[in-house]
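Residue-level structure breakdown
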Amino acid sequence: MNEAGSPLAHVIGDPIAQSKSPLIHSFWLRQMRLAGEYDRHLVEPGDLASYLTEWRNRPRWAGCNVTMPHKQAISPLLDGLDPLAQALGAVNTVVRGTEGALVGHNTDAAGFLEPLAPLLERRHLYRMARILGTGGAARAIVAALADKGFTLVLAGRDPGKARALLDELAPAGEHHVVALDHFAAPTDFAFDDREGCLDLVVNATPLGMTGHPPLAFDWSHAPPGAIAYDIVTDPVDTPFLQAARARGHPTVDGLAMLVGQAASAFELLFGPTPLRTRDDQLVAALTR
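The following refers to the structure shown. What you see is a predicted model, and the numbers here were worked out from it, not measured in a lab.

When you go through the protein chain residue by residue, the secondary structure sums to 10 helices and 12 strands. Summarising its shape, the C-alpha atoms of the protein chain cover approximately 65 × 40 × 35 Å along the three principal directions. Per-residue burial for the protein chain yields a buried fraction of 50% across its 288 residues. Accessible surface, the protein chain: about 13,100 Å² in total, of which carbon and sulfur atoms supply 52%.

When we look at burial in helix H2 (residues 48-55), the residues that qualify are Leu48, Tyr51, Leu52 and Trp55. End-on view of H2: buried residues confined to an arc of 95°, all on one side of the axis. The inward-facing, buried residues of H2 contact strand S1 (8-13), strand S2 (37-42), strand S3 (61-66) and strand S6 (102-105).

Bringing the sheet that holds strand S10 (residues 197-203) into the picture now. Taken in spatial order, the six strands make up an open sheet running S9-S8-S7-S10-S11-S12, and their pairing is parallel. Across the chains shown, the open sheet's two edge strands, defined by having one partner strand only, are strand S9 (176-179) and strand S12 (251-252). Examined bridge by bridge, strand S7 (residues 126-132) and strand S8 (residues 151-156) share five bridges and lie parallel to one another. Across the sheet, the residue bridging to Ile131 is Leu154, located in S8.

With that out of the way, let us pick up the sheet that holds S3. As summarised here, the arrangement of the six strands in space is S2-S1-S3-S5-S6-S4, forming an open sheet in which the pairing is mixed. Across the chains shown, the open sheet's two edge strands, defined by having one partner strand only, are S2 and strand S4 (80-81). As judged from the six bridges shared by S1 and S2, these two strands associate in the parallel manner. When the sheet's bridge partners are listed, Ala9 is paired in S2 with Tyr38. The sheet contacts of H2 involve S1, S2, S3 and S6, and relative to S1 the element is tilted by about 175°.

This paragraph deals with the environment of Gln18. Structurally, Gln18 is set in the loop between S1 and helix H1 (21-31). Measuring from C-alpha to C-alpha, the distance between Gln18 and Thr233 comes to 8.3 Å, with 215 residues separating the pair along the chain. Apart from the residues lying within four places of it in its own chain, the contact partners of Gln18 are Met209 and Asp234.

Take the nonpolar core next. By size, the foremost hydrophobic cluster in this structure holds 32 residues, and its most contacted members are Phe112, Ile131, Val142 and Leu145. Mapped onto this core, the elements with two or more residues apiece are helix H4 (108-113), S7, helix H6 (136-147), S8, helix H7 (159-169), S10 and strand S11 (227-230). It is H6 that provides the largest number of residues to this core, a total of seven residues. Sequence-distant contacts of Val142, that is, excluding residues within four places in its chain, are made with Ile131, Leu152, Leu154, Leu165, Leu166, Leu169 and Ala170.

Relative to S6, S4 is paired through two bridges, and the arrangement is parallel. Across the sheet, Gly80 pairs through a bridge with Val103, a residue of S6. The sheet contact formed by strand S5 (residues 93-96) and S6 spans four bridges and is antiparallel. When the bridges of S6 are listed, Val95 appears paired with Val103. The antiparallel pairing of S5 with S6 creates a hairpin that spans five residues between the two strands, and Gly100 there sits at a positive phi of about 90°.

Each value, and the rule that gives it
- Residues numbered from 1 in each chain as written.
- Predicted model: local features only at pLDDT ≥ 70, side-chain atom pairs only at ≥ 80, totals over all residues.
- Heavy atoms only, no water.
- Helix = DSSP H or I, 4+ residues; strand = E, 2+ residues; numbered from the N terminus.
- Buried < 20%, exposed > 50% of the residue type's maximum accessible area, 1.4 Å probe, protein only.
- Areas by Shrake-Rupley, 256 points an atom, 1.4 Å probe, with all protein chains shown as cover.
- Arc of directions from axis to C-beta.
- Contact = heavy atoms within 4.5 Å.
- Pairing = 2+ DSSP bridges.
- Axes fitted to C-alpha atoms, helices over the stretch in contact; angles between N-to-C directions.
- Core = buried A, V, L, I, M, F, W, Y, C linked by side-chain atoms within 4.5 Å.

In structure tokens:
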């Protein structure tokens, strides 16, 4: 930064008390002995524009991370978007440039894919993902998985919105749409042989988060061996993941995506790439 003083960044959302981002960024700042601060700010939907107006002129403010429910609403309030954020129509990191311009970025897609990297390096006969949700995070997940050759089943409360999202972000594939409550009741569907296939079931909704009702998903809808991936981070071990393990499914929790996307955001906000050699200590701190 050109201004005097160490950089300051926030994570904004509503609610925001549950956010683990301050712990992650502060851990890396201490580990790398960098001057800087990172905290959280409750920003209600009606206050989003005034937050940006107030903070963009603060000399130390480097920018902010953006979580629910602002990832889509913040885009038209910014001075520019990087190509990925423009394509996705969703922003999770805002960076204040040297001239004061606010530019939106999206690191959710890279963060989501990071824990799946060893699997995605393999060749598969078929890849399918059931994605639950149509919000800002779901947009990044849809684009990321479509790019990796997955056939998608997108479930939302409004199937029309889900179809529009697929047509916008994954128009080339033969993807499908269902209502979210389709997965609530048990099914006796007989899955075919899944050997050589990669199946995911992704909760990209806030359902199951502290303060929200649980996600109604019956695991009879998932093929044997399907990976359960929940992007919720509070609690880390959600009822969705617990039910998946009870049925013998491997699981990925929301901390994996959170740490992955935070690493890219840290570089945008503070400059250096964070050291990842102590991720085990970081995850232990996040789960205390």
